[in-house]
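# Structure at a glance
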Amino acid sequence: MINNQTIKRFTKLLKRTSVARIIAFLFFSFYAFTMIYALAWAFGASLKDPVEYFLSKRKILPQKWLFENYKEAFSLLRVGDSNIFSMIFNSLWLTFGQATISMITCSTTAFIIAKYEFKGRKLLYVISITSMMIPLYGSFASGFRLYMNIGFYDSPLILLASASGVGSMFLIMHSFYKGVSWEYAEAAKIDGANEFYIYVKIMLPIAFPAISAIYMVMLIGGWNDYTTSIYYLPSYPTLASGLHTYKTISSFNMNFPVYFAGIIMSCIPTFILFISFQEKIMNSITIGGLKG
Amino acid sequence: MYMTELAIVPEVAQSKTIKRKNTIKKYLYIYCMLAVPIVHFLVFYVYVNFDSFMLAFIDQHTGLWSFDNFQLVFNDIGMGAASGLLSNIKNTILYFLQGLLSNILSFVFAYFIYKKVLLHKIFRFVFVIPMIVSSVVLVAIYSNILSTGGPVAVIYSFFTGKDAPAFLYDERYATGCILFFSLWTGLGMNIILFSGAMNRIPQSVIEYAKLDGVGEMKEMVFIVMPIIAPTFGTIMLLSCISVFGASGPILLFTDGMYGTSTISYWMYANVVLQSQYNYAAAFGLILTLASLPIFFLMRFLVKKLPDDIEF
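Since the model is a prediction, treat every value here as computed from it, not as a measurement.

Moving on: the environment of B:Ile294. Residues and elements named next belong to chain B. Inspection of the secondary structure assignment puts Ile 294 in helix 13 (residues 277-304). Measuring from C-alpha to C-alpha, the distance between Ile 294 and Ile 241 comes to 6.0 Å, with 53 residues separating the pair along the chain. Those residues in contact with Ile 294 that sit more than four places away from it in its chain are Cys 240, Ile 241 and Val 243.

Pasting the structure below:
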């Protein structure tokens, strides 16, 4: 049954619809289709028999849904001595370690530079911005050599390299702390609080919503990052780098459906995190105020 | 009077001492809090870049000062069409241009997400997929879709009547395919970013325009775009500064084979796989010097841009 309200809504929609809107809608639909198709294709491939995979790559749905492939992924997906469990473990410590160290140093640096007047403050701010902007292409070679010489290469010590305290996270936190009133700190000082107490017990809780949103974006980025492990941690393959290495080393006798089962499983944590905190994450993914 | 002044003197001195103590305490606290990032900066930025500069002028085999590394770079570039480095530079510029195109396209399309086109909430979610899903996953799916017998090959054969080429293993198509992948996966995320910036425009500005009878396209060109222009301009200019850093997921797709290598991949291959630190440092130094004029020009242009509009 089509009632008057539906007709009115439809007429209103038609009035609002321009040619540009239709083109944009078609483009978005096509884009969304390709993204969903790609994931659906990978999911379908993960359930196929290896022979069926090669014979009917173009089809999404398998003839038989072989969920055993997911079970097999736990035993088949190996890189050197690492099985999928150790890859997950490596992904976890690297992701949480990097994000936490980076967050703590960025937040602390941003707080001090935003809230305290001291000699060298402006210089530190300029350095933090300029060092991000000047492209120094040759430093990768000496940086890599340094990591080898000081024992960061192929060691969990690599986490310390995340303690730079600068980067886009610093900029976001700096602008956030600038906007926080210092009156809370003054009130706490009257009650005898010291500077560190003010930061930890007053400022950090105020900044928590902003920090947690950025932290989640960092976790997603860290989980998906494959370069750190491939470049610097060859003995500690993460799920992302391990899947790539598995594909590289076993290209001729590779079990593609099992490989795609691993691929699908590797997406689950980030999907859960994103769906659980969708609004928070989406709100933190905005740009603006870059110039200032 | 005299007695009163005498009584004040020790109090002033005492308060000065307390003030000084507080200042010392404050500075101690500030520099303790900043100790880690400062040490990090000195070691991983100042030392690393100084060492990189020195490496460029040292012969890797003899350990002696020399210009051989630069000579090698220029010899390679002098080979013209056969030069590996020139091919890397050419590909890098292609990725840079792809980045600019992605920014422009997403800037235009973001407007329609901002204007809440039909199903915009679903689209917003789908556009974030490339951020949630690792490049490793997307590359694995994309390269298998492109492979022989895959959906793309079937469509190709249907339209041309010929067998599809091995897109990612053929020099004629490989770079184009990776460029397309980079554009496609980057586009959705950029649309979200730009529509986020557009959401900061107060509704009242748009309402006023509507009252004046401004249509949708005019609103986009004459109201939304000028307001977002400083943000858009800054992003474009920042992209220009790191022109030689532009790249795609070459490592995941082809390991630099089939003419797909870029400067970033070349650096990885020379440093991590071949330990050619000095040669890489020399080429890096040349690129840094080449990009410095771009850096200063872009800095000048960023300053020329209007500040972000306050609402």
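After presenting the structure, the write-up continues.
Taken together, the 95 residues of chain A in the interface contact 102 residues of chain B. Where chain A abuts chain B, roughly 8500 Å² becomes buried across the two surfaces, and 76% of that area is made up of carbon and sulfur atoms. Our enumeration of links across chain A and chain B arrives at 1 salt bridge. A:Arg145 is paired through a salt bridge with B:Asp51; the nearest N and O atoms lie 3.2 Å apart. On inspection of chain A and its partner chain B, the count reaches 21 residue pairs in polar contact (both at pLDDT 80 or more). When residues in the side of chain A that touches chain B are grouped by element, the largest group, 18 residues, is from helix 2 (residues 19-46) of chain A. Residue composition of the side of chain A that touches chain B, grouped by class: 60 nonpolar, 25 polar and 10 charged.

Further remarks concern the confidence of the model for chain A. Caution applies to low-pLDDT parts of the model: their predicted coordinates are not meant to be read in detail. When the pLDDT values of chain A are averaged, the result is 88; 93% of them are 70 or greater. Scored below 50 in pLDDT, residues 287-292 of chain A shows 21 contacts in the model against residues more than four places distant or in partner chains.

All right, on to the pattern of salt bridges then. Residue and element names in this part refer to chain B. Taken as a whole and judged by the stated rule, the model has 5 salt bridges over all chains. With its nearest N and O atoms 2.9 Å apart, the salt bridge here joins Glu 219 to Lys 115. With Glu 219 in helix 10 (residues 216-241) and Lys 115 in the loop between helix 3 (84-114) and helix 4 (120-127), this pair connects stretches of sequence that are 104 residues apart. Lys 115 carries the same exposure label as Glu 219, and that label is buried.

For the rest of this paragraph, the subject is the packing of aromatic side chains. Residues and elements named next belong to chain A. Counted according to the given criterion, the structure contains 71 aromatic pairs over all chains. Relative to Tyr 31, the ring of Phe 27 lies with its centre 6.4 Å away and its plane at 40 degrees, an arrangement referred to as tilted. Residue Phe 27 and its partner Tyr 31 are both found in helix 2; the two are separated by 4 residues, about one turn of the helix. Considering the side-chain rings of Tyr 125 and Phe 170, the 6.2 Å spacing of their centres and the 45 degrees angle between planes classify their relative orientation as tilted. Here Phe 170 lies in helix 8 (residues 168-179) and Tyr 125 lies in helix 6 (residues 121-133), a separation of 45 residues in the sequence. Since its relative accessible area comes to 29%, Tyr 125 is described here as partly exposed.

Rules and cut-offs
Residues numbered from 1 in each chain as written. Chains lettered and ligands numbered in written order. Predicted model: local features only at pLDDT ≥ 70, side-chain atom pairs only at ≥ 80, totals over all residues. Heavy atoms only, no water. Helix = DSSP H or I, 4+ residues; strand = E, 2+ residues; numbered from the N terminus. Contact = heavy atoms within 4.5 Å. Buried area = accessible area lost by both parts, 1.4 Å probe. Salt bridge = Lys/Arg side-chain N within 4 Å of Asp/Glu carboxyl O. Polar contact = N/O pair within 3.5 Å; in protein donor to acceptor, adjacent residues only side chain to side chain. Nonpolar A, V, L, I, M, F, W, Y, C, P; charged D, E, K, R; others polar. pLDDT = per-residue confidence, 0-100. Buried < 20%, exposed > 50% of the residue type's maximum accessible area, 1.4 Å probe, protein only. Phe/Tyr/Trp six-rings, centres within 6.5 Å; stacked < 30°, edge-to-face > 60°.

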